[in-house]
Amino acid sequence: MNIIDRFLKYVSFETTSDESSNQTPSTNGQMVFSEFLAEELKNIGLQEVELDKNGYLTAVLPANSEKSLPAIGFIAHVDTSPDSSGKDVKPSIITNYDGRDILLNKEKNIVLQTSLYPEILQYLGQDIIVTDGTTLLGADDKAGVAAIVQAMEFLLAHPEIKHGKVRIGFTPDEEIGQGADHFDVEKFGADWAYTIDGGEIGELEYENFNAAAAKVTFKGLNVHPGYAFGKMINSMRIAAKFINMLPENETPERTEGYEGFYHLTNISGDVETTTLNYIVRDHDRNRFEQRKKEMQNLVNQINAEFGKDTAMLDLRDQYYNMREKIEPVMHVVELVEKSMRELDIKPNVKPIRGGTDGARLSFMGLPCPNIFAGGHNFHSRFEYLPIQSMEKASALIVRIIENIEKF
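Note that this is a predicted model, so its numbers are computed, not measured.

### Things to note about the environment of alanine 311
- Note that alanine 311 resides in strand β14 (residues 311-319).
- C-alpha of alanine 311 to C-alpha of asparagine 300: the two residues are 11 residues apart in sequence and 7.8 Å apart in space.
- Residues in contact with alanine 311, not counting those within four places in the same chain, are Thr217, Phe218, Val299, Ile302 and Asn303.

Written out as structure tokens, the structure reads:
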């Protein structure tokens, strides 16, 4: 099967994850897709294909080299983001893209406009997979899954390419931050690995945010408004004051590169009780710790002004910057850069303004940078995938495996 047909088959499975679920994987569709993948991996000739009760699928491409080589892994996730529907995805292929706006859905007049998404112009003359504008596509991360499976099939068909042991893993629930929860690093048995979960061609990432989630709860007192003078305490007004105490320029829409932020993700409340949910992000560990302290300082200020226990902070760390785990083994990054250049791919090394399973896996003992899968506009109904980028991702996996013997 070619990689295009493989990808189109994969996106026909609905695998949206669900943060409110209390099961793993969080949705049944993920297990259905993983069961399909398990059979496919067996059919192409991989060994030790195992799908556990939590939806973690692993397999082995045995070594065929007489040399003693490190075992490496390639990992992708099977779920798609709950930010947009992943049900009944209707992909289509724009061949020889001409640089004009793309009419995704004539009936609903949904158009992918180059003025809003100018990055697409770098793919003039290429073939691009798009949606009908009503769902996401699922290139995040089924393009990564397809690239890995295609690479394994190619290597099995070309035993003249000598290599060490290769482990592959497909995980559930990455999009809701649970992709590494039940990953057995010791059993996986790789010296290092790569997630194939990045965006545009050339992306190579070994830095990500340090991340925390903060829940701030404000308590008030409701009194009939006709008799409220000197008595009512409106928790929503106190919450609004807290919001304005945080730096107004340190939000996602006003930061880039290595700049961190406080991001208000949800507000719910009434006069008696109001809750604010934040995510706190920074690449620098010291600044990250300072941001958490600042949240607590502001809560303390609110309590000093309005009374003890008016505001309460529940703060928990989510993941850390994998850079501190990758820098001692930078050869795992240099190997990818070398392999990219050999395939005429310009490495685009940049920090992830987000998280990845690779970050958690790196702290679990499996160094795991992130490599492009080729898609754009992830989590959006304007998601698209240049076919040649996905093909390059698969070719890169093969070249990395091939180069380990020479590196």
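### Observations concerning empty space enclosed by the protein
- Scanning the entire structure with this criterion turns up one cavity of 30 Å³ or more.
- Considered as a void within the structure, the largest cavity measures approximately 30 Å³ in volume.
- Those elements that place two or more of their residues in the lining of the largest cavity are β3 (72-77) and β9 (192-198).
- Per-element accounting of the lining of the largest cavity gives the leading share, three residues, to β3.
- For the lining of the largest cavity, the class distribution of residues is two nonpolar, three polar and four charged.

### Examining unusual backbone geometry
- With an omega of -5°, the peptide bond running from threonine 24 to proline 25 counts as cis.
- Its place among the elements puts proline 25 in the loop between α1 (3-10) and α2 (28-44).
- Here aspartate 140 and aspartate 141 are connected by a cis peptide whose omega angle stands at 15°.
- Here aspartate 141 lies in helix α3 (residues 139-157).
- Within the chain, aspartate 173 stands out as a residue other than glycine whose phi angle is a positive 60°.
- In this structure, aspartate 173 sits in the loop between β8 (166-171) and α4 (185-188).

### Some words on helix α6 (residues 285-306)
- With 22 residues, α6 should cover 32 Å at 1.5 Å per step; its first-to-last C-alpha distance of 32 Å lies within 8% of that length.
- Within the span of α6, buried status applies to Phe288, Arg291, Lys292, Met295, Leu298, Val299, Ile302 and Asn303. Angular distribution of buried residues about the axis of α6 spans 140°; they occupy a single face of the element. The exposed set on the far side of α6, more than 90 degrees from its buried face, consists of Asn286, Lys293 and Ala304.
- Packing partners of the buried residues in α6 comprise β11 (210-219), α5 (235-245), β12 (261-269), β13 (273-282) and β14.
- Structurally, the start of α6 carries an N-cap: the backbone nitrogen of asparagine 286 is 3.0 Å from a side-chain oxygen of aspartate 284.
- After α6 finishes, the residue glycine 307 shows a positive phi value of roughly 115°.

Criteria and cut-off values
Residues numbered from 1 in each chain as written. Predicted model: local features only at pLDDT ≥ 70, side-chain atom pairs only at ≥ 80, totals over all residues. Heavy atoms only, no water. Helix = DSSP H or I, 4+ residues; strand = E, 2+ residues; numbered from the N terminus. Contact = heavy atoms within 4.5 Å. 1 Å grid on protein atoms, 1.4 Å probe; cavity = no way out; pocket = protein on both sides within 12 Å on 5 of 7 lines; lining within 4 Å. Points joined across faces, edges and corners; volume = space filled by probe spheres on them. Nonpolar A, V, L, I, M, F, W, Y, C, P; charged D, E, K, R; others polar. Expected span 1.5 Å × (residues − 1). Buried < 20%, exposed > 50% of the residue type's maximum accessible area, 1.4 Å probe, protein only. Arc of directions from axis to C-beta. Polar contact = N/O pair within 3.5 Å; in protein donor to acceptor, adjacent residues only side chain to side chain.

Worth remembering: the numbers are spatial, not functional.
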